[in-house]
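The lines below spell out each chain.
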Amino acid sequence: SQQGEEDPQALSIQEGENATMNCSYKTSINNLQWYRQNSGRGLVHLILIRSNEREKHSGRLRVTLDTSKKSSSLLITASRAADTASYFCATDPYNNNDMRFGAGTRLTVKP
Amino acid sequence: DSGVTQTPKHLITATGQRVTLRCSPRSGDLSVYWYQQSLDQGLQFLIQYYNGEERAKGNILERFSAQQFPDLHSELNLSSLELGDSALYFCASTQEDFAYGYTFGSGTRLTVV
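Residues numbered from 1 in each chain as written. Chains lettered and ligands numbered in written order. Predicted model: local features only at pLDDT ≥ 70, side-chain atom pairs only at ≥ 80, totals over all residues. Heavy atoms only, no water.

1. Focus: the state of the cysteines
Residues and elements named next belong to chain B.
So, step 1. According to the stated counting rule, one finds 2 disulfides over all chains in the structure shown.
So, step 2. Linked covalently through their sulfurs, Cys 23 and Cys 91 form a disulfide whose S-S length is 1.7 Å. Taking the torsion about the S-S bond as the criterion, the Cys 23 to Cys 91 disulfide, at about -50 degrees, is left-handed. In this pair, Cys 23 is assigned in strand 3 (residues 19–24) and Cys 91 in strand 9 (residues 87–94), connecting sequence segments 68 residues apart.
So, step 3. The exposure class assigned to Cys 23 is buried, which follows from its relative accessible area of 0%. (Disulfide = S-S within 2.5 Å. Helix = DSSP H or I, 4+ residues; strand = E, 2+ residues; numbered from the N terminus. Buried < 20%, exposed > 50% of the residue type's maximum accessible area, 1.4 Å probe, protein only.)

Encoded structure:
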């Protein structure tokens, strides 16, 4: 079964704008990860945030984690056309070994 | 190149047939995971192996099986194929502490006709 659920399902913005995607999950986790997938390609790991962390930055990416609300957000600042892709959150349920992915947010950045 | 190698990249086969997908994990990674992604869908976890042993099982059909060999490469066997099995099949590997997340291969696109 899926663990993470991304919101919105699709997002369209202009280049230079910020993009925010949200992820909700159901069970306690060890960590939460965000991945990017260009159409038909493999997933690329973007960032991992552990359950005892609240915020993490990597370049133009900012991830927050609220374990009390079982939610996370991914912010991409100053978006570029090359950021057009699907973004997935994945959770590593506590005491489980398998990562569960949501259905993803499809981001389109218009030049 | 992510370091995870999947072969073949594309596979077209007829219903009822059997195919084998192969994955070589990134050097040093002991865990291998298999995922299925149908068109415009999220990833469905199928199965995980760790150092040759099955560790976790997801939504894997009885027609599907997998194994991990002593050299740590893994194979996913799909039998009695149906049209609905057409999908992208991804393999991923990771370090024990997920320090760098999952490293995905580029996938095998299976088309059942």
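That covers the picture; the talk isn't over yet.
2. Describing the environment of B:Thr7
Residue and element names in this part refer to chain B.
So, step 1. Inspection of the secondary structure puts Thr 7 in strand 1 (residues 5–7).
So, step 2. Between the alpha carbons of Thr 7 and Leu 21 there is a distance of 6.3 Å; along the sequence they are 14 residues apart.
So, step 3. In this structure Thr 7 touches Leu 21, Arg 22 and Thr 108, once residues within four positions along its chain are discounted. (Contact = heavy atoms within 4.5 Å.)

Interpretation note: all reported values are geometric properties and have no functional meaning in isolation.
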